[in-house]
Structure formats: structure tokens, C-alpha cells
Amino acid sequence: MKHSIPQYTLNDGLQVPAIGFGTYSLKGEEGVKSIVSAMDVGYRLIDTAYNYENEATVGKAIKQSSIPREELLISSKLPGRYHAYDKALVAIQESLYRADLDYYDLYLIHWPNPKKDVYVEAWQALIEAKKRGYIRSIGVSNFLPEHNERLIKETGVAPSLNQIELHPFFDQVGQREQDAKHGIVNESWSPIGRGNDAVQDIVKDDKILRIAEAYGKTPTQIILRWHIQLGSIPIPKASSLQHQQENIDIFDFELNAEEMKVISSFSRPDGRLWDQDPSEYEEF
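Residues numbered from 1 in each chain as written. Predicted model: local features only at pLDDT ≥ 70, side-chain atom pairs only at ≥ 80, totals over all residues. Heavy atoms only, no water.

The name an unreviewed UniProt entry assigns to the protein is Diketogulonate reductase-like aldo/keto reductase, from the organism Paenibacillus tundrae. What the UniProt record of the protein gives under Sequence similarities (unreviewed entry) is the line "Belongs to the aldo/keto reductase family." (UniProt positions renumbered as here; feature names shortened; annotations may be inferred.)

A. Local environment of the pattern of salt bridges. Evaluation of the coordinates by the stated rule reveals 18 salt bridges. Across the pair Glu-280 and Lys-115 runs a salt bridge, and its minimum N-O distance is 3.4 Å. Taken together, the residues span a long stretch of sequence, with Glu-280 in the segment after α11 (257-264) and Lys-115 in the loop between β6 (104-109) and α4 (119-131) at a distance of 165 residues. Residue classification places Lys-115 among the exposed residues on the basis of a relative accessible area of 54%. A salt bridge links Lys-207 to Asp-205, with the nearest nitrogen and oxygen atoms 3.7 Å apart. On the basis of relative accessible area, Asp-205 is assigned to the buried category, the value being 19%. Among the ionic contacts, a cluster of salt bridges with common partners joins Glu-29, Glu-30 and Lys-33. (Salt bridge = Lys/Arg side-chain N within 4 Å of Asp/Glu carboxyl O. Helix = DSSP H or I, 4+ residues; strand = E, 2+ residues; numbered from the N terminus. Buried < 20%, exposed > 50% of the residue type's maximum accessible area, 1.4 Å probe, protein only.)

B. The arrangement of the packing of aromatic side chains in detail. Taken as a whole and assessed by the stated rule, the structure comprises nine aromatic pairs. Measuring from centroid to centroid gives 5.5 Å for Tyr-119 and Phe-143, while their planes differ by 85 degrees, and the two rings are edge-to-face. Taken together, the residues span a long stretch of sequence, with Tyr-119 in helix α4 and Phe-143 in the loop between β7 (135-141) and α5 (145-155) at a distance of 24 residues. For the pair formed by Tyr-119 and Phe-143, the shared burial category is buried. (Phe/Tyr/Trp six-rings, centres within 6.5 Å; stacked < 30°, edge-to-face > 60°.)

C. How the structure looks around the packing of helix α1 (residues 28-41) against helix α10 (residues 241-248). In contact at an axis separation of 10 Å, α1 and α10 are set at 40 degrees when each is read in the N-to-C sense. As far as their axial angle goes, α10 and α1 are oblique. The hand of the α1/α10 crossing is right-handed. Only Leu-241, Gln-244, Gln-245 and Ile-248 of α10 make contact with α1, whose side of the interface consists of Ser-34, Ser-37, Ala-38 and Val-41. In terms of residue class, the contact of α1 with α10 is built from four nonpolar, four polar and no charged. (Axes fitted to C-alpha atoms, helices over the stretch in contact; angles between N-to-C directions. Parallel < 35°, antiparallel > 145°, perpendicular 65-115°, else oblique. Left-handed = near helix turned anticlockwise from the far one by under 90°. Contact = heavy atoms within 4.5 Å. Nonpolar A, V, L, I, M, F, W, Y, C, P; charged D, E, K, R; others polar.)

Written as C-alpha cells, this is what we have:
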């Protein structure tokens, strides 16, 4: 059963749904089928990236889908090797060409790469790209509070959204609080913990199973609901129709404060599952 999906209004006025669809590793004909299926199920926010090498797959799915383009919100990301201003503008154009789109609804800087220290220049390029109509809303991904503070100080423009690693093992309380001060909405990548052995532990954990049983939901639905109630937009990836439907069917119940605490209790300071600390990690 479909339930209405709440909307967030970003700090620049763009409205986005409270759940999105991740496309990492979805490629080729099977990738197109999965993305079209997700749109049919009810997903309207679709997340891709230049470095996923599947912007064309997403674009093909948009063409094959019966959902009008204006009802979809398509998001992509700028890779680190194109942070220089002129290169960034060309890369954004190339992103549009790959997907055969006239505009992206959201475009993010994928990682800050602070050792290279060109992310402010990349941000200035995104500001220009928005002025040119290439992008409706500009944001960041994996930016720490100090990176966002610097963007705001040097350009006067706050990101509309910050996509961050967020799951029960790493609940990002401090990051979320600092982003909220600037009206930056968070989006959760790897909301369950993509491809990591720890995932198997949490979806089988007795505490999570008990909560799931109480609501007649799956452990995955319970964790995705936790994201919703934290105020962060989860973007789970699912190839199968069953899992796509399961992941979006989380708007007909609400966890209580104690249940939220139980899920957050898995969090730890070193909870990043792939050792990708934005102060050190670099992506090109």
C-alpha cells in the first residue's frame, strides 16, 4: 500500500521527498529496469554521481518511465578531479549530456578533498551553474561542519543539502546539529550499511527484531524509519521490486522515543564503516 511521502523544503525553496532511491552500481539494461521499477513504485528522488558511471543509465530510465520529468528530482555529484572552476562547469555540462537532461534538480560536490583545498572553487562553479540553469539546487556530500562554514563564509551561499554516511553505527549527531543551524538538510548514504558485514548483525539483532515485530515491519523498514524521524533523507538502493516496495513503505507508523534510543545506541564515535573520514579521505 502506498502512503503519501512527506516533503522537505530546502533552504533555497526546492521541495524534495523524505526518501530517495540510490543507484550506486546500477548499470546497463538491468540498471535501467531497476530504476524504472523504483519510479513506478513511487520514488521521485533519484541519486546518481559522475563517478558511478551510470548517469546515462539514469537518463535512459527517465526516458522509459511513464513519470513526467518535472515530477522527478534527479541528483548527481561532481568528482574531485574536476574541482577547479572551469573544469567543474564542463563536468556539470558533461553530466547533463550523459543523462540527456536539460537540468539537474540537485547537484552536489561528492567529497571536499581538503588536502587539495579546491572545494571552495568547486562551490563557486556550482553557484554559477545554478545561475545558468544547469541545476535547480546545489549541495554537498561528505562535508564536515568546518567545510560548510568555510563555503558560507567565503561565498555567502549555504548548501541546501549535505549527503553523509549515516546509519545506526554512526548517527552523526554533531554533524546533523551543525548542518541544521544553516538550514542544511541531511541525506543518508548507506542508510543500512551498504555491503558491510556489520549489516547482517544489525538486521538480525534481537532488539531490532523485537521492534520490527511490534509494528509488523522488517528490520530494514525499522532502520529506514529511524532515519526519517532523525530528519535525514535515506536513499536506499534496491534492485528487486520487493525490496523497493518494502523500503518505501515506512510512512504508516512511528517509532517512539525509547525505540529511537535503542537504534541510536548502536552508534559509536569510530562508526564509519569504510574508513572514509572526510578530513582525510580523497575521491577523484
